[in-house]
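Chain by chain, the residues:
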Amino acid sequence: RQPKRLADYQAPIFSITHTDLVFELDATATRVTATLTFKRQQPGRLLLEGQQLKLERVRLNDRVLTAAEFAQTAESLEIFAPGDTGVLEIVTLLNPEQNTALEGLYLAEGVYCTQCEAEGFRRITYYPDRPDVLAVFTTTIIANRNELPFLLSNGNKVRESRLPDGRTEVVWHDPYPKPSYLFALVAGDFDHLHDTYVTSTGREVLLEFFVQKGALARSHFAMAALKRAMRWDEQRFGLAYDLDRYMVVAVDFFNMGAMENKGLNVFNSKFVLADDTSATDTDYFNIESIIGHEYFHNWTGNRVTCRDWFQLSLKEGLTVFRDQEFSADMGSPTLNRIDAVKVIRTAQFAEDASPMAHPIRPEQVLEMNNFYTVTVYDKGAEVIRMLQTLLGKAGFNAGLACYLQRHDGQAVTCDDFVQAMQDATGYDLQAFRRWYSQSGTPELSVKEQFDAATGKLTLTLAQQTPATADQQEKLPLVIPVKIELLFHDGSAAQQHLLILDSSVQQFQFDNLPQAPLVVWLEDFSAPVKLSTDYDVEQLLAIASRASNGFARWDAMQQFWHKIIKDAVQQSALPVLPEALLTAFRQWLITPLADLALTAELLTLPDFDTLAAHYAPIPVDALLNILQETTQLLSKALLPELLGCYQQLTTPAYHYSEADVGLRALKNRCLHYLAFTAEGAKRVTAHYQAANNMTDILAALHAAQHANIAQAGELMADFAKRNEANVHVMDKYFNVVAANPRDSVFDALEKLTAHPVFSWKNPNRVRAVYGAFSQRNAPQFHRKDGKGYALLAEVVTKVDAINPQLAARLITPLLSWQRYDDGRQQQLIMLLRELASLPMLSDDLYEKVHKSLP
Ligand code: DPP
Ligand code: ZN
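Keep in mind the model is a prediction, meaning the values are calculated, not measured.

A. Inspection of the overall build of the protein chain at higher detail. The helix and strand tally for the protein chain stands at 27 helices and 31 strands. Over its C-alpha atoms the protein chain spans a radius of gyration of 28 Å, differing by no more than 12% from the 29 Å that the globule rule assigns to 853 residues. For the protein chain, the spread of C-alpha atoms along the principal axes amounts to about 85 × 65 × 60 Å. By the burial criterion, 51% of the 853 residues in the protein chain qualify as buried. Taking the intrachain contacts of the protein chain between residues at least 6 apart in sequence as the baseline, contacts between residues at least 24 apart amount to 70%.

What follows is the structure in structure tokens.
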């Protein structure tokens, strides 16, 4: 199978100016008539992409073509003598009911829905299915009006007529030229919430949410979040919405979180529906941020789109950055930063260390769906953040304005983006561009030298990026390193930005009152690993005194990393220094004003974060140490934990920054208290008294983690009460799958027989097996390989149903090099078995083959 390469990019031979689509919806035989007005751009063939289509007829300029005038393969349609301009009419037949891959047009739970990014449109009709072909779309939908009262597509509704046969015909027109991946069609019966929004430019926009029947009350939060996002983009970047209608449809069958189709977003319903009895604080957070993300794409993605899919980070890195800024403004900037950094340090660093390592702008792709990754998205957002750090907020805003103005209506590259940033600010970004082409996690080391006589501090920074699976040679990068200098004598702290742009570099500071304590990489100013040789006292001093909340948390992370590394080396349990217990006591007795930050300061790094520092990963030692350390802490801090827990009184549920922090801290205390003698009683009481989903889930997780006797009873009660809500059942599945004991295997088996479970629904499969592989390190990484074998079996089964989902699930099996010999053998054997399957999808093929030795 042949991958595509960025280096082979060629501009399209034909453009399409107008795309007219007529859909006659039918569960097993939907007829699509596509009328394409084409125009030659350069010499060459008229070759259209298509997959799994039944071609009924091709007509060129009103003449039906004979079989000799076109050629068809499993993936394409070529028209032999198209001329330079003309109109092509193509009629295809689709089977939406059988489409379990959820790409193209599919029918699930009575709703017709499309997903076209990245290359799903070719499953609807033959088309130049690439993002640099932009056309004006007109879409006609014809369907039975009793079964499918709502017929939706992009843009403005121009006509609706009742046909005599009980069907309705609706016509939509989207005035903005767009690539095929932004096309959407939805047909179904929904509850419908609407509102209006007046933009800063005076446009009155109709906002509409379409949700499953009975769920209307659960869509108000998302509607309010949408209005906040619209206002925020006007205020922060001067960007206003550009159509008279903005629609969001929520469906339960969806491969991604959501999709930014022009004027008609399609959302995974778990990122729309929420109310106080069913949603956690995290759910509310995610809904607001994803509603924002898809809305922000209207400018960064839709108005200016990608030239080719290698440029995906052009829209995704930028839009993740924008949604992170939005969330930071809506809630706690510190917590937002901590959460973003956790993603980088766990998943993204792991991807760099995996066979799938790639730069934020990949150079070679077999299945594009495999490149919707934490590297492209989250590291991509870090690269944008570094630009903002280098250029300043005002410079960055000017750069973005220049980019959008210069390229409005175009399909462009990451280079075009950086060029606009450079032109708007005059800042030379030539060397910075390397972040787009170089993969891997840069490693920084630092040396500090202080001359007490002159008060001169010399900092020496060195950078080096280890080779990755895709790229051996690495060059120095431009790395912004924010630091803070703390002084013991009470002198004011100083903040500086160091710009490291060669392998080794020195920075000097004069006239310092005394030797400072240097806080490195404040705010995680670059996506790198930075190691210091601070002792535990210095780290605890930073954790208590740094002015940046993120830096305080980061010092605690380094502290744990150090303590645990020592313990692993000595095959012993960690020794908890008295200074640590003092700091913890202090935070418990007098929490910081930011309770959520306090909770984070009291939280141990998780298994994946720690694992990133080892090769090979000492799985058993790390798991054991984490468990034992939690117990040591609960024992040593019992009175303070209890005091803090009791002092935090639970108000009526309200999703607000302050209350989220309060619950976070209280539940962190509960997590430790679960391990103490009274733990069972306390966890049960917490569950029974809980007035919200966040507290209920905290109780369930604590019960299971500490293995209290009542855990099973509480879980059964929870399942029984929430049978009717699939999203809450997903949470139940999550907890069951995270059970760190042997019994999890039987429990998982039982879950798949549960009435709400379906192998065809990605949310359900992820809730069970995604949670098992990502949140249950003890059982997933079992020495005997049983956890790995289970996931391989699931991946095999799912690949036949939904390849995209299978390829996402397989990720934790790919990085066999990171484990000990025994685990390596188990993983390689399973990967070989997968590779030998006869019908492997491109999605899995690419990952399995990259990973095999
Ligand atoms: N729907 C995905 C996202 O918004 C892909 N564009 O990131
Ligand atoms: Zn996106």
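Let's pick the thread back up.
B. Molecular detail of the UniProt feature "domain: Peptidase M1 alanyl aminopeptidase Ig-like fold" (unreviewed entry) in the protein chain. UniProt's entry tags residues 440-532 with the feature "domain: Peptidase M1 alanyl aminopeptidase Ig-like fold" (unreviewed entry), counted in the numbering of this structure. Secondary structure content for residues 440-532 is 0% helix and 48% strand, while the C-alpha to C-alpha distance between its ends is 20 Å.

C. Focus on the domain arrangement of the protein chain. For the protein chain, the assigned domains are domain 1 (4-189), domain 2 (305-437) and domain 3 (443-537). Centre-to-centre separation of domain 1 and domain 2, based on C-alpha positions: 31 Å. With twelve residues of domain 1 at the contact, the number on the domain 2 side is 13 residues. Here the side of domain 1 that touches domain 2 is built from residues that sort into seven nonpolar, no polar and five charged.

D. How the structure looks around the site of ligand 1. As a structural note, the neighbourhood of ligand 1 is formed by Glu117, Met256, Ala258, Met259, Glu260, His293, Glu294, His297 and Glu316. Broken down by secondary-structure element, the contributors of at least two residues to the shell around ligand 1 are β20 (258-259) and α2 (281-296). Taken together, the residues of the shell around ligand 1 break down into three nonpolar, two polar and four charged.

E. Structural context of the confidence of the model for the protein chain. Here the protein chain averages 98 in pLDDT, while 100% of its residues score no lower than 70. Scored by ipTM, the complex comes to 0.98, with pTM at 0.99.

F. Focus on α2. A rise of 1.5 Å per residue sets the reference length of α2, with its 16 residues, at 22 Å; its end C-alpha atoms lie 23 Å apart and thus fit the reference within 8%. With 13 of its 16 residues buried, α2 lies for the most part within the structure.

G. Inspection of the sheet that holds strand β26 (residues 456-464) at higher detail. Read from one edge of the open sheet, four strands run β29-β26-β25-β31, paired in mixed fashion. Of all strands in the sheet, those with a lone pairing partner are β29 (504-509) and β31 (529-531), marking the two edges. Going from strand to strand, the sheet's axes swing by 25 degrees on average, the running direction of each strand aside. In terms of strand pairing, strand β25 (residues 443-451) meets β26 through nine bridges, oriented antiparallel. Within the sheet, the bridge partner assigned to Lys447 lies in β26 and is Thr460.

H. Layout of the pairing of strand β16 (residues 185-188). Here β16 shows no split at all, with Leu185 and Ala187 on one side and Val186 and Gly188 on the other all buried. As paired strands, strand β11 (residues 111-115) and β16 are joined by two bridges and run antiparallel to one another. Looking across to β16, one finds that Tyr112 is bridged to Ala187. Strand direction decides the pairing type here: strand β13 (residues 150-153) and β16, joined by four bridges, are antiparallel. By the bridge assignment for β16, Leu151 is matched with Ala187.

I. Representation of the sheet that holds strand β28 (residues 494-500) within the structure. A sheet is described by the order of its strands in space; here three strands give the open sequence β28-β27-β30, paired in antiparallel fashion. Each having just a single partner strand, β28 and β30 (517-519) make up the two edges of the open sheet. Within the sheet, the average angular offset between the axes of one strand and its neighbour, ignoring direction, is 30 degrees. Note: strand β27 (residues 479-486) against β30, three bridges, orientation antiparallel. Paired with Leu485 across the strands is Val518, a residue of β30.

J. Representation of the environment of Glu234 within the structure. Checked against the element boundaries, Glu234 lands in helix α1 (residues 220-237). Sequence-distant contacts of Glu234, that is, excluding residues within four places in its chain, are made with Thr199, Ser200, Leu239 and Ala240.

K. Molecular detail of the packing of helix α14 (residues 638-647) against helix α15 (residues 657-673). Relative to each other, α14 and α15 sit at 140 degrees, their axes nearing to 9 Å. Relative to α15, the crossing made by α14 is left-handed. Facing α14, whose interface residues are Leu641, Leu642, Cys644 and Tyr645, α15 presents Lys666, Cys669, Leu670, Tyr672 and Leu673. Looking at the contact of α14 with α15 residue by residue, the classes come out as eight nonpolar, no polar and one charged.

L. Spotlight on helix α17 (residues 693-705). Its 13 residues give α17 an end-to-end C-alpha distance of 18 Å, which sits within 8% of 18 Å, the value for a rise of 1.5 Å per residue. In terms of burial, α17 is a largely internal element, twelve of the 13 residues being buried. Among all positions of α17, only Met693, Thr694, Asp695, Ile696, Leu697, Ala698, Ala699, Leu700, His701, Ala702, Ala703 and Gln704 are buried. Turning to α17, the residues buried within the fold contact α2, α15, α16 (679-689), α18 (711-722) and α19 (726-737). Asn707 lies just past α17 and shows a positive phi near 55 degrees.

M. Up close: unusual backbone geometry. The amide bond that connects Glu117 to the next residue, Ala118, takes the cis arrangement and shows omega of 0 degrees. Secondary-structure assignment places Ala118 in the loop between β11 and β12 (135-144). Of the consecutive residues Ala615 and Pro616, the connecting peptide bond is found in the cis state with omega at 0 degrees. Positive phi, close to 70 degrees, is recorded for Asp62, a residue that is not glycine. Although it is not a glycine, Asp523 adopts a positive phi angle of roughly 60 degrees. Note that Asp523 resides in the loop between β30 and β31. Classification of Asp523 by C-beta neighbours within 10 Å gives partly exposed; the count is 19.

N. Summary view of the packing of α1 against α2. Packing of α1 against α2 brings their axes to within 9 Å, and their N-to-C directions diverge by 50 degrees. Taken as axis vectors, α1 and α2 run oblique relative to one another. Here α1 and α2 pass one another in a crossing that is right-handed. Residues Phe221, Ala222, Ala225, Leu226, Ala229, Met230 and Asp233 of α1 form the contact with α2, whose participating residues are Tyr284, Ile287, Glu288, Ile291, Gly292, Tyr295 and Phe296. By residue class, the composition of the contact of α1 with α2 is eleven nonpolar, one polar and two charged.

O. The environment of Ala615, seen in detail. With respect to the helices and strands, Ala615 occurs in the loop between α12 (607-611) and α13 (619-636). With 259 residues separating them in the primary sequence, Ala615 and Met356 have C-alpha atoms 17 Å apart.

P. Structural view of the nonpolar core. In this structure, Val186 and Val249 are the most contacted members of the largest nonpolar core, which totals 263 residues. It is helix α5 (residues 374-407) that contributes the most residues to this core, eleven residues altogether.

Definitions and limits used
- Residues numbered from 1 in each chain as written.
- Chains lettered and ligands numbered in written order.
- Predicted model: local features only at pLDDT ≥ 70, side-chain atom pairs only at ≥ 80, totals over all residues.
- Helix = DSSP H or I, 4+ residues; strand = E, 2+ residues; numbered from the N terminus.
- Rg over C-alpha atoms; globule rule 2.2 N^0.38 Å.
- Buried ≥ 20, exposed ≤ 12 C-beta atoms within 10 Å, placed from the backbone.
- Contact = placed C-beta atoms within 7 Å.
- UniProt positions renumbered as here; feature names shortened; annotations may be inferred.
- Domains from an automatic or database assignment.
- Nonpolar A, V, L, I, M, F, W, Y, C, P; charged D, E, K, R; others polar.
- Near = placed C-beta within 6 Å.
- pLDDT = per-residue confidence, 0-100.
- Expected span 1.5 Å × (residues − 1).
- Pairing = 2+ DSSP bridges.
- Axes fitted to C-alpha atoms, helices over the stretch in contact; angles between N-to-C directions.
- Left-handed = near helix turned anticlockwise from the far one by under 90°.
- Parallel < 35°, antiparallel > 145°, perpendicular 65-115°, else oblique.
- Core = buried A, V, L, I, M, F, W, Y, C linked by C-beta atoms within 7 Å.

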